Amino acid sequence: MKQNSGGKSAPRSPHLTTAEARRTILERLSPIGGWERVAVRNALGRVLLEDVIAPCNVPAHDNSAMDGYAVRFRDLDVRHDTALAVVGTAFAGKPFSGIVGAGQAVRIMTGAPIPQGADTIVVQEMARAGDGQVFIPPGQQAGQNLRRAGEDLALGGVALPAGKRCGPAELGLIASLGIAEVTVRRRLRVAFFSTGDELASIGKPLTPGEVYDSNRYTLFGALSRLGCDMLDMGVVPDNPAALEAAFRCASADADVILTSGGVSVGEADFIRELVNRLGEVAFWKIDIKPGRPMAFGRVGDAWLFGLPGNPVAVLVTFYQFVQDALLVLSGVSPLPEPTLFEVPCGEAIRKQAGRREFLRGQLGRVDGRQTVRLAGAQGSGVLRSMSEANCFIVLPEERGDVAAGEPVMVQVFDGLI
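Residues numbered from 1 in each chain as written. Predicted model: local features only at pLDDT ≥ 70, side-chain atom pairs only at ≥ 80, totals over all residues. Heavy atoms only, no water.

In the annotation of an unreviewed UniProt entry, the entry for the chain reads Molybdopterin molybdenumtransferase, and the organism field reads Aromatoleum bremense. We quote the UniProt Sequence similarities (unreviewed entry) comment for the chain here in full: "Belongs to the MoeA family." As recorded by UniProt, the Cofactor (unreviewed entry) comment attached to the chain reads in full: "Mg(2+)". (UniProt positions renumbered as here; feature names shortened; annotations may be inferred.)

Structural data, given as structure tokens:
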């Protein structure tokens, strides 16, 4: 990992805006090194290191796009039905071996090679067949319903570019070229842990003052969807020695360190001071709600993202900052664009200008019109509302209160990886 060079308005905050924080993060990152060859079935979710070059035409030959009849266009009457003799059938796996002559037609199935002599396909719904003949109505176009060799991919062309993350369609495309293996970047290694003396592991009774550690499971799910190799380091207590040992271990084994909790200004929050001693902190506060106390920097050779301790703030900061950073480090290029669009808000929302807010919303239809409403209580510890939501309502820094019916921007969860 190498660092690259690189309403009434509220008073300007000393903290970074969302855009400034994203820029600060992304300008510093470059893809990790390392690669491997994997079978096509194992390439799902992996990032291509190099272009996939087509070793053949796709399709390999001119073929029919429809079930119908292969004919010679010059035989067709432009004003009346044309009667043609049906001299055979062409299947996708068993082509017609003869030549289509004057006044002849060949019954053809989708994907079958175009018989020699034919240059046009008439779909079966437009033709009338009987007694060894087919009757073709006027109005056909020369070359209709043909798929030309190399139409999808030409021999020697770039089928998939380097930096592409392979999904189901990409696996099918690679297989259509007859390629059994591809070269992909190695998986990103991410170490993660929670901090706090109040955190208890699931499966044990809570003592007074304790809460169950949910953030590690949230991060496990998010990292799993990105295909990262994960090192779950559990819960680290709020003391400098334990935290320093955890950071040293994580930075030796991982490309990225994710923590939750310990980045605010509380008396027991050691992480900022510790990271400054072991590496650097690029920033540690953002004008965002929820998620203002978020740190970004380095510990040794590992990038650090110190996320807030509140469960919803963990998800907000992960999706708005960390996810794209992990994709860049994994070699994804270009980054996917966020799915944002404007819809009327179904209720009034109070907001103070000066920070960007990400509210949990339910996008749906009322009386046939698309609208969005708040998905329950919006406290940063209310994870249930995150589960019940299907989008973020994104209110920018300069915006104040929202009246019912006013347009707001939404970011749908289906657009998040």
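Between its terminal C-alpha atoms helix H4 (residues 240-253) stretches 20 Å, which fits the 20 Å expected from 14 residues at 1.5 Å a residue. Within the span of H4, buried status applies to Leu 243, Glu 244, Ala 246, Phe 247, Ala 250 and Ser 251. Within H4, the buried residues cover an arc of 160° as seen down the axis, which keeps them to one side. The outward face of H4, more than 90 degrees from its buried face, is lined by the exposed residues Ala 241 and Ala 252. Where H4 is buried, its residues meet strand E13 (189-195), strand E16 (229-236), strand E17 (256-260), helix H5 (271-278), strand E20 (295-299) and strand E21 (302-307). (Helix = DSSP H or I, 4+ residues; strand = E, 2+ residues; numbered from the N terminus. Expected span 1.5 Å × (residues − 1). Buried < 20%, exposed > 50% of the residue type's maximum accessible area, 1.4 Å probe, protein only. Arc of directions from axis to C-beta. Contact = heavy atoms within 4.5 Å.)

What follows deals with the pairing of strand E26 (residues 407-412). Of the pairings in the sheet, the one linking strand E22 (residues 340-344) to E26 comprises 5 bridges and is antiparallel in character. Bridging across to E26, Val 343 finds its partner in Val 408. Note: strand E25 (residues 391-395) against E26, 4 bridges, orientation antiparallel. Its bridge partner being in E26, Val 394 is matched across the sheet by Met 409. (Pairing = 2+ DSSP bridges.)

Time to look at the pattern of salt bridges. For the structure shown, the criterion picks out 20 salt bridges. Asp 75 is paired through a salt bridge with Arg 72; the nearest N and O atoms lie 3.1 Å apart. Taking the relative accessible area as the measure of exposure, Arg 72 reaches 12% and is therefore buried. When salt bridges with common partners are traced through the structure, they connect Asp 213, Arg 216 and Asp 232 into a single cluster. (Salt bridge = Lys/Arg side-chain N within 4 Å of Asp/Glu carboxyl O.)

Time to look at a nonpolar patch on the surface. Taken together, the side chains of Ile 202, Leu 206, Tyr 212 and Tyr 217 make up a nonpolar region of the molecular surface, amounting to roughly 390 Å² of accessible area. With respect to the secondary-structure elements, Tyr 217 resides in helix H3 (residues 215-225). Judged by its relative accessible area of 42%, Tyr 217 is partly exposed. (Patch = residues over 30% accessible without salt bridge, like charges linked within 9 Å, V, L, I, M, F, W, Y side chains within 5 Å. Areas by Shrake-Rupley, 256 points an atom, 1.4 Å probe, with all protein chains shown as cover.)

Moving on to the side chain of Thr 195. Turning to its location among the elements, Thr 195 is positioned in strand E13. Here Gly 261 takes part through its backbone oxygen, which lies 3.0 Å from a polar atom of the side chain of Thr 195. If we skip the residues at most four places from it in the chain, Thr 195 touches Val 236, Asp 238, Leu 243, Ser 260, Gly 261, Gly 262 and Ile 271. (Polar contact = N/O pair within 3.5 Å; in protein donor to acceptor, adjacent residues only side chain to side chain.)

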